[in-house]
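Summary of the model geometry
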Amino acid sequence: MNTKKFGLIFLVMMFCLMGSVQARTKSIELPPDGVSLKPSTLPGYEKALTNCVACHSAEYMQYQPPTAARPYWENMVKRMKQVFKAPIEESDIPVIVDYLVKVYGNEKTD
Ligand code: HEC
């Protein structure tokens, strides 16, 4: 084997080694997505648990303006249903909106 060839093989080997070391030490940072819905005795809490956190965490609700009023939440729920095809029963919408506005919106009691 001539030295030129050996050098090339050596280089390739080093690359592979570096690659595998890097792959092992690299860690993937996932966005914090473990926020749960705020528990409540309102009937909409149970509904929201089954209808609103299948696609994303409750972080999205948490980041809505606390001044958001009932129509805002109603539009939000309807948008989830119409635009993103969330399987929400039409009759559950007011119950869910009631929970959202009282827990995250401008009808907050605490
Ligand atoms: C079928 C999947 C799905 C379901 C179920 C769902 N969402 Fe969403 N939601 C999305 C997607 C996708 C986005 C991101 C939209 C974007 O980035 O603009 C989103 C975004 C949001 C946001 C962020 C604000 C915004 O305007 O983008 C809020 C708040 C929200 N959803 C609330 C809800 C509520 C409340 C429910 C239950 C009634 C719900 N979601 C159910 C898919 C869903």
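Residues numbered from 1 in each chain as written. Predicted model: local features only at pLDDT ≥ 70, side-chain atom pairs only at ≥ 80, totals over all residues. Heavy atoms only, no water.

1. Here's the deal with unusual backbone geometry
- One non-glycine residue, Lys85, adopts positive backbone phi at about 60°.
- Of note, Lys85 is situated in the loop between helix H4 (70-82) and helix H5 (93-103). (Helix = DSSP H or I, 4+ residues; strand = E, 2+ residues; numbered from the N terminus.)

2. Focus: the coordination of the iron atom of the ligand
- Surrounding the iron atom of the ligand are the protein donor atoms His56 (NE2) and Met80 (SD), which sit 2.0 to 2.2 Å from the metal.
- Around the iron atom of the ligand sit six donor atoms, and with donor-metal-donor angles ranging over 87 to 179° the site reads as octahedral. Of this pair, His56 sits in the loop between helix H2 (43-51) and helix H3 (59-62) while Met80 sits in helix H4, placing them 24 residues apart in sequence.
- For His56, a relative accessible area of 17% puts it in the buried group.
- Taking relative accessible area as the criterion, Met80 reaches 19% and is therefore assigned buried. (Donors = N, O, S within 2.8 Å, 3.2 Å for Na, K, Ca; no water. Tetrahedral: all angles 85-135°; square planar, octahedral: opposite > 155°, others 65-115°. Buried < 20%, exposed > 50% of the residue type's maximum accessible area, 1.4 Å probe, protein only.)

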